[in-house]
Amino acid sequence: MEFKVLEKEFIFEDDRPFLSCHAATLLVLPNDEILAAWFGGTRERHPDVGIWCSRRINGKWTYPVQVAKDAEIAHWNPVLFQAKDGLIYLFYKVGPKISEWYTMVKTSSDNGLTWSESKPLVEGDIGGRGPVKNKMITLSNGTWLAPASIETDTIWDAFVDISADQGKTWTKSEMVPLNHDLLQGKGIIQPTLWESEPGKVHMLLRSTEGFIYRSDSDDCGMTWCEAYPINLPNNNSGIDLVKMNDGRLVLVYNPVGGNW
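In this report, we go over the structure that sits alongside the text.

About the thresholds
Residues numbered from 1 in each chain as written. Predicted model: local features only at pLDDT ≥ 70, side-chain atom pairs only at ≥ 80, totals over all residues. Heavy atoms only, no water. Pairing = 2+ DSSP bridges. Helix = DSSP H or I, 4+ residues; strand = E, 2+ residues; numbered from the N terminus. Phe/Tyr/Trp six-rings, centres within 6.5 Å; stacked < 30°, edge-to-face > 60°. Buried < 20%, exposed > 50% of the residue type's maximum accessible area, 1.4 Å probe, protein only. Lys NZ or Arg CZ within 6 Å of the ring centre and 35° of its normal. Polar contact = N/O pair within 3.5 Å; in protein donor to acceptor, adjacent residues only side chain to side chain. Contact = heavy atoms within 4.5 Å. Salt bridge = Lys/Arg side-chain N within 4 Å of Asp/Glu carboxyl O.

## What to know about the sheet that holds strand β7 (residues 88-94)
Logical step 1: The antiparallel open sheet is built from four strands, whose spatial order is β6-β7-β8-β9. Looking at strand neighbours, the two that pair on one side only are β6 (75-82) and β9 (119-120), the edges of this open sheet.
Logical step 2: When strand β8 (residues 102-108) meets β9, the two strands line up antiparallel, connected through two bridges. Within the sheet, the bridge partner assigned to M104 lies in β9 and is P120.

Here you go:
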């Protein structure tokens, strides 16, 4: 399969209000504008890191604007999602380190021009509920699935967060089974999801094992089979997948093995 590059452009170059940025998320709006968000500051983990946003209007990106800075604590991994009613959600992590971060959420009813006050996605969350880096999906039955994972100093594991009431409440799935005794590294994180047919959901995952891993669910994401490697290399870097309208899957990844 061959792809043609239609556009290649920078959102910003050297004229920017931060030294470092990471973990971009994109949302195509109904008017064909594009909303982008990322975390930026002095460096990853620095207390000055916040969530920034830009819009692509008539072929040009607006100057970055900080849209979330809840405290002088590092912010991480924004994820944009638009519900069927048009409301846009911005999920992001806050915390001094990944094992202690928690998920906050803001909403916008005007395509990202203004945002609500932030609030915790799940009260008392430590470790990160909701989407960890990649976009959420809406199942054929209307359920929202958020690809999630946890990271400690020794173990990485994945799960999904499930909402049947458009984000009002969330239920954590069972953890994706994984035999850590057979691994060379910490494990799997940052799933990307798709539904192949009603109720049948699948995830691909970043891993420390040199290959992308996969797991499958037959019950709308509540339980998962044991994660297994597939024949696509992964050097412990982020991946993302989208299911096209014609059913094709498009995966973006670094086709390099190893672990960093």
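## Observations regarding the packing of aromatic side chains
Logical step 1: Applying the stated rule across the entire model yields 12 aromatic pairs.
Logical step 2: Their ring planes at 70° and their centres at 4.9 Å tell us that F81 and W144 sit as a pair that is edge-to-face. Here F81, found in strand β6, pairs with W144, found in strand β11 (residues 144-151); they are 63 residues apart in sequence, far enough to count as distant.
Logical step 3: Pairing F91 with W170 gives two aromatic rings, centres 6.4 Å apart and planes at 90°, and the pair type is edge-to-face. Taken together, the positions of F91 in strand β7 and W170 in the loop between β12 (156-163) and β13 (171-172) put the pair 79 residues apart, joining distant regions of the chain.
Logical step 4: We classify F91 as buried; its relative accessible area is 1%.
Logical step 5: Grouping aromatic residues by their ring pairs yields a cluster made of F81, Y89, F91, W144 and W170.
Logical step 6: Above the plane of the ring of F159 lies K172, whose end atom (NZ or CZ) is 4.5 Å from the centre.

## Digging into unusual backbone geometry
Logical step 1: You will see that Q190, though not glycine, has its phi angle at about 50°, which is positive.
Logical step 2: Tracing the sequence through the fold places Q190 in strand β14 (residues 188-197).
Logical step 3: Phi at C220 is positive, roughly 60°, even though this residue is not glycine.
Logical step 4: For C220, the location among the structural elements is in the loop between β16 (211-217) and β17 (228-233).

## Some details on the side chain of D161
Logical step 1: Within the secondary structure, D161 sits in strand β12.
Logical step 2: There is a polar contact of 2.7 Å between the side chain of D161 and the side chain of R129.
Logical step 3: Leave out the neighbours within four places in its chain, and D161 touches R129, G130, W144, L145, A146, W170, T171 and K172.

## Some details on the pattern of salt bridges
Logical step 1: Taken as a whole and judged by the stated rule, the model has eight salt bridges.
Logical step 2: For the salt bridge of R129 with D161, the shortest nitrogen-to-oxygen distance reads 2.7 Å. Of the two residues, R129 sits in the loop between β9 and β10 (137-138) while D161 sits in strand β12, which places them 32 residues apart along the sequence. Here R129 matches D161 in class, with each residue buried.
Logical step 3: Close ionic contact of K200 with D218 constitutes a salt bridge, the shortest N to O distance being 3.1 Å. Taken together, the residues K200 in strand β15 (residues 200-207) and D218 in the loop between β16 and β17 connect sequence positions 18 residues apart.
Logical step 4: Given the relative accessible area of 62%, D218 is considered exposed.

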